[in-house]
Amino acid sequence: MTAELLHRAMTDPGELAMRTLPARAALLLEKLQTSPRLVAHLRAVHDVACQLTDWVHQHYPDVRFDGDAVAFGAAIHDIGKAEHPNELSGPGSAHEQAGYQLLLKLGVEEDLARFARTHASWTAVGVSVEDLLVSLADKVWKAKRVPDLEELITTRLAASSGQQPWEVFMALDDVLDRIAADADGRLAFQASYPVAA
């Protein structure tokens with residue numbers, strides 16, 4: 001039953017027709033026999049991250065970033081919760097460093113493993129556009145808006161596009177409102193899977 005639930009969490013598009021996880025991320029999650037709830041969460045955040053990267057590519061084509069890295073980062077950002085399952089249904093940050101170390105042990109390159117560590121550290125020195133997009137997806141998937149994170153994204157997009165920050169924020173606000181409107185569906189999708197594997 002667990003393998004079946006895990007497979008369903010990875011492949012069922014749900015009412016929102018969510019994208020499947022990148023193959024490499026799915027293999028890692030299967031290898032770890034992660035919780036179906038964790039997989040459902042990662043699918044929801046991954047799908048939102050892909051929507052955000054599509055939007056940035058379309059509206060800010062001069063912004064240089066690796067969309068595939070964002071997709072993979074969103075798909076594995078909470079993988080450390082496989083080692084800290086109490087953080088699946090409660091607060092905690094032990095999963096961040098644990099996930100980073102776990103990914104390195106599994107052979108994932110540091111530049112991709114970092115998302116497990118950076119998804120909650122958007123104010124750290126050296127944070128990239130990719131890190132900010134994963135962090136943003138991890139918030140807005142459930143309709144949570146974080147003004148300082150949105151300001152950082154706005155500043156980066158404005159600097160690369162030559163637009164005024166207020167123009168970029170207006171556009172970003174619109175897309176985040178649109179994405180947030182589907183939060184109930186994503187939350188229901190996640191809740192339909194058990195926390196325990």
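**Q** What's the story with the packing of aromatic side chains in this structure? I'm lost.
**A** Aromatic rings considered in pairs are described by the distance between their centres and by the relative angle of their planes. This structure, assessed with the given rule, holds two aromatic pairs. Both rings, one in F189 and one in Y193, keep their centres 5.3 Å apart while their planes meet at 65°; by these two values the pair is edge-to-face. Sitting above the plane of the F115 ring, R114 keeps its charged end 4.2 Å from the centroid. Lying over the aromatic face of Y100, R117 brings its terminal NZ or CZ to 4.4 Å of the ring centre.

**Q** It is not clear to me how the packing of helix α2 (residues 23-31) against helix α4 (residues 67-76) should be interpreted in this structure. Could you clarify?
**A** α4 packs onto α2 with a crossing angle of 20° between their chain directions and a minimal axis gap of 9 Å. Put simply, α2 runs roughly parallel to α4. Both α2 and α4 take part in a crossing whose hand is right-handed. In this structure, α2 contributes R24, A25, L28 and L29 to the contact, and α4 contributes F72, A75 and I76. Here the residues of the contact of α2 with α4 are counted per class, giving six nonpolar, no polar and one charged.

**Q** I keep staring at unusual backbone geometry and nothing clicks. Help me out?
**A** Glycine aside, residues mostly have negative phi, and peptide bonds are mostly found in the trans state. Located in the positive-phi region is A17, a residue other than glycine, with phi close to 50°. You can see A17 is positioned in the loop between α1 (2-11) and α2. In this structure, Q33 is a non-glycine residue whose phi angle is positive, near 50°. Following the sequence through the fold, Q33 ends up in the loop between α2 and α3 (36-59).

Conventions we followed
- Residues numbered from 1 in each chain as written.
- Predicted model: local features only at pLDDT ≥ 70, side-chain atom pairs only at ≥ 80, totals over all residues.
- Heavy atoms only, no water.
- Phe/Tyr/Trp six-rings, centres within 6.5 Å; stacked < 30°, edge-to-face > 60°.
- Lys NZ or Arg CZ within 6 Å of the ring centre and 35° of its normal.
- Axes fitted to C-alpha atoms, helices over the stretch in contact; angles between N-to-C directions.
- Helix = DSSP H or I, 4+ residues; strand = E, 2+ residues; numbered from the N terminus.
- Parallel < 35°, antiparallel > 145°, perpendicular 65-115°, else oblique.
- Left-handed = near helix turned anticlockwise from the far one by under 90°.
- Contact = heavy atoms within 4.5 Å.
- Nonpolar A, V, L, I, M, F, W, Y, C, P; charged D, E, K, R; others polar.

Fair warning: the whole summary comes from geometry, so function is off the table for now.
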